[in-house]
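What follows is each chain in one-letter form.
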Amino acid sequence: MSTPDSIPTGSFSLKSPYGKRAIGLAVAAAVGGFLFGFDSSVINGAVDSIDQNFELGSVLTGFVVAVALLGCAVGAVLAGNLSDRWGRLKVMMLGSGLFLVSSIGAGLTFSVPDLILWRVLGGLGIGIASVVAPAYIAEIAPRQIRGGLASLQQLAITLGIFVALLSDALLAWGAGGASQDLWLGLEAWRWMFLVGVIPAAVYGILAFTMPESPRYLIAKGRVDEAKVIFATLVPPADLDKTVNELVHTIDEDRKNAGVSLKGPVFGLQGIVWVGIILSVFQQFVGINVIFYYSTSLWQSVGFPESASLGISVVTSITNVLVTLVAIFLVDRVGRKPILLTGSVIMTLSLAAMAVCFMFSTTDAEGAVSLPAPWGPIALVAANLFVIGFGASWGPLVWVLLGEIFPSRIRGKALGVAAGAQWLANFLITVSFPAMSAWSLPLTYGMYAAFAALSFIYVAWKIPETKGMDIEQTETLFTKRNAYRDRDAAQRAGS
């Protein structure tokens, strides 16, 4: 039931015309997440061949795999300022172009230094996309379905991981091995990188067809253009209210134009640290060890290359499916309960992997093997870990990063949080080859400890933001800080 001046019932469901339009824009923007996932995992099937081809050794192998993440961190930090200055779409196109060029360069690489250069360049593009996509989705999504739409970023990442691992497997199987020649005299591992040209081109083309963020347009004084875009996303009865509230919010932001990320908590505002810590926990549980090194890991415990590639593909499919579960639940159950449940599952599964590798043996050539039944148990635990992460911390951290920051610092704060995520990813990725050679039980035990700490942090620090306007969620954190400061003052005076 509705009146002419009221919002029709069901206007903001995912099946409504407004919901479908918002989904379409969110899916297009989330292709940036697809590039993120594709780039992060495409090297999985190529890493052993690169190691053999260039005789890298464990430390340099870890650096070549991880160096793209340094580019990602820089790109993420730059993306906020660039998107506020040029607009979301132009920055999406820049990210697309950088990744396209890097895919070609990495596929045709002739030495370690130039491979590192192409990996860094691609990382810049992915870092840019990792910030612009969730910001754009948060800015066009009605609050009633924002959680589900923001989760599309992580779904796209998981699909990118799946497609990268599937294409790696198909190319390696087609050539008879990743190091074997496939087409045009190029080895299969080179084609693994070259395939990245396709999603990069798709992302760039989509960016040409999407409308600019209404929030960016209003910030630039182009209110009429923003109103036209909002008219496709909200019912007529809610249109003027939506635009007027946003104009008011942006006017308030201009009054605070000098506001920066600087604050009293180790040089930053407290809310920025919340985003940074969430991002670091998301990576310090070691999820990308599974997606960067799983083929090498399963080979080391006795599976042949072809089977290891197949296992990696199955793991990536699991990741996609559980992300769909998270999208279904996030606006029904809420953010906090899902995060806490995920932390428990990750802690138990990582601890189980640590126990399994306590029974591993190493031969004279340094090859690790797991006797029965520990190999299958480790495989099950690894996939349980992926389920726990993919249904919780994978998508929900991106949801929260799009929600918790005040609009006046959202672009910059998202950039810093995403940059911290990439740096944490780099540290885990670059350290794994050396740490695993030293002690796999301690390595996975460390990841389990971080998963347990993530539970404590969420229970202590993170409020529920389900169903709130994006401009209101920051008040939850402001109130918590105010209460903490009040209590501290009372203790000091007593």
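Criteria and thresholds
- Numbering of residues starts from 1 in every chain and runs along the sequence as written.
- In keeping with the model being predicted, local features are shown solely for residues with a pLDDT of at least 70 and side-chain atom pairs are shown and tallied solely at 80 or more, while totals for entire chains, interfaces and linings include all residues.
- For the side-chain quantities, the full set of heavy atoms in the structure was used; hydrogens and water were omitted.
- Secondary structure elements are taken from DSSP: a helix is a run of H or I of four residues or more, a strand is a run of E of two residues or more, and numbering for both begins at the N terminus.
- For this analysis, residues touch if any pair of their heavy atoms sits within 4.5 Å.
- Each patch is built from salt-bridge-free residues with over 30% relative accessible area, joining like charges within 9 Å and nonpolar side chains (Val, Leu, Ile, Met, Phe, Trp, Tyr) within 5 Å.
- We get accessible surface area from the Shrake-Rupley algorithm with a probe of 1.4 Å; when it comes to residues, only the shown protein chains can shield them.
- The salt bridge definition used is simple: a Lys or Arg side-chain nitrogen within 4 Å of an Asp or Glu carboxyl oxygen.
- Think of it in three bands: residues with accessible area under 20% of the maximum for their type are buried, residues over 50% are exposed, and the middle band is partly exposed, with areas taken using a 1.4 Å probe on protein chains only.
- The convention used is that axes are lines fitted to C-alpha atoms, helices contributing only their stretch in contact, and that angles between N-to-C directions extend from 0 to 180 degrees.
- The scheme is simple: roughly parallel for angles under 35 degrees, roughly antiparallel for over 145, roughly perpendicular for 65 to 115, oblique for anything else.
- Left-handed describes a crossing whose near helix is turned anticlockwise from the far helix through less than a right angle; right-handed describes the clockwise counterpart.
- Only Asp, Glu, Lys and Arg are considered charged in this grouping, and only Ala, Val, Leu, Ile, Met, Phe, Trp, Tyr, Cys and Pro are considered nonpolar; every other residue, Gly among them, is considered polar.
- The aromatic pairing rule takes the rings of Phe, Tyr and Trp, using the six-membered ring of Trp, and pairs them if the centres are within 6.5 Å, calling planes under 30 degrees apart stacked, those over 60 edge-to-face and the rest tilted.
- Polar contacts, as used here, are pairs of N or O atoms within 3.5 Å; protein pairs need one atom able to donate a hydrogen and one able to accept it. Residues neighboring in sequence count only if both atoms are side-chain atoms.
- An expected span of 1.5 Å times one less than the residue number is assigned to each helix.
- Residues belong to a common nonpolar core when they are buried Ala, Val, Leu, Ile, Met, Phe, Trp, Tyr or Cys residues joined through side-chain atoms within 4.5 Å.

1. A look at the environment of V120
Then step 1. With respect to the helices and strands, V120 occurs in helix α5 (residues 112–140).
Then step 2. Taking the C-alpha atoms as reference, V120 lies 9.9 Å from L98; in sequence the two are 22 residues apart.
Then step 3. Ignoring sequence-local partners within four residues, the contact set of V120 consists of V67, A68 and G71.

2. A look at the side chain of E187
Then step 1. Note on placement: E187 falls in strand β2 (residues 186–187).
Then step 2. In this structure E187 touches N53, A178, S179, Q180, D181 and L182, once residues within four positions along its chain are discounted.

3. Considerations on a nonpolar patch on the surface
Then step 1. Side chains of V344, L348, L453, F455 and I456 sit close together on the surface and give an oily, nonpolar patch of about 450 Å² of accessible area.
Then step 2. Among the elements that make up the nonpolar patch, the one with the highest residue count is helix α20 (residues 440–461) (three residues).
Then step 3. Tracing the backbone shows V344 in helix α16 (residues 335–357).
Then step 4. The class of V344 is partly exposed, set by a relative accessible area of 38%.

4. Regarding the packing of helix α13 (residues 270–284) against α20
Then step 1. Look at α13 against α20: their axes get within 9 Å of each other, and the N-to-C directions meet at 150°. One way to sum up the angle between α13 and α20 is to call them roughly antiparallel. Remark: the crossing between α13 and α20 carries left-handed chirality. Contacts from W273, V274, I277, L278, F281 and F284 of α13 reach α20 at Y447, F450, L453, S454, Y457 and K461.
Then step 2. Residue classes in the contact of α13 with α20 are distributed as 10 nonpolar, one polar and one charged.

5. Concerning the packing of aromatic side chains
Here a ring pair, both rings aromatic, is described through the centre-centre distance and the interplanar angle of the planes.
Then step 1. If you walk through the whole model with that rule in mind, you get 11 aromatic pairs.
Then step 2. Ring plane angle 80° and centroid distance 5.3 Å describe the contact between W183 and W191, whose orientation is recorded as edge-to-face.
Then step 3. Arranged with centres 6.1 Å apart and planes meeting at 80°, the rings of Y457 and W460 form a pair that is edge-to-face. Of this pair, Y457 and W460 both sit in helix α20, three residues apart, which is roughly one turn of the helix.
Then step 4. Clustering of aromatic rings is evident, with ring pairs tying together F281, W393, Y457 and W460.

6. What about unusual backbone geometry?
Then step 1. Its identity is not glycine, yet L184 carries a phi of approximately 55°, on the positive side.
Then step 2. Tracing the chain through its elements places L184 in the loop between β1 (181–183) and β2.

7. Observations regarding the side chain of S349
Then step 1. In this fold, S349 is placed in helix α16.
Then step 2. Look at S349 and you get buried, because its relative accessible area is 1%.
Then step 3. A polar atom in the side chain of S349 sits 2.9 Å from the backbone oxygen of I345.
Then step 4. Excluding residues within four positions of it along the chain, S349 makes contact with A381, L384 and F385.

8. Focus on helix α7 (residues 152–175)
Then step 1. Its 24 residues give α7 an end-to-end C-alpha distance of 34 Å, which sits within 8% of 34 Å, the value for a rise of 1.5 Å per residue.
Then step 2. When you tally the buried positions in α7, you get 17 out of 24 residues, the bulk of the element.
Then step 3. Directly beyond the C-terminal end of α7, a positive phi value near 85° is found at G176.

9. Notes on the pattern of salt bridges
Then step 1. Under the criterion given, the structure shown has two salt bridges.
Then step 2. Between E187 and R190 there is a salt bridge, with its nearest N and O atoms 2.9 Å apart.
Then step 3. Look at R190 and you get buried, because its relative accessible area is 11%.
Then step 4. Where E225 meets R222, a salt bridge forms, and the shortest distance between an N and an O atom there is 3.0 Å.
Then step 5. Residue E225 is classed as partly exposed on the basis of its relative accessible area of 39%.
Then step 6. According to the relative accessible area criterion, R222 is partly exposed, its value standing at 35%.

10. Some words on the nonpolar core
Then step 1. Ranked by size, the top nonpolar core spans 147 residues in total, and within it M92, W393 and Y444 carry the most contacts.
Then step 2. Those residues within four positions of M92 in sequence are excluded, and the remaining contacts are A29, V132, Y136, Y203, A207 and M210.

11. As for the environment of D39
Then step 1. Within the secondary structure, D39 is located in helix α1 (residues 17–42).
Then step 2. Judged by relative accessible area, D39 falls into the buried class, the value being 9%.
Then step 3. Sequence-wise, D39 and F99 are 60 residues apart; in three dimensions their C-alpha atoms are separated by 8.6 Å.
Then step 4. Setting aside residues up to four positions removed in sequence, D39 forms contacts with A68, F99, R119 and I126.

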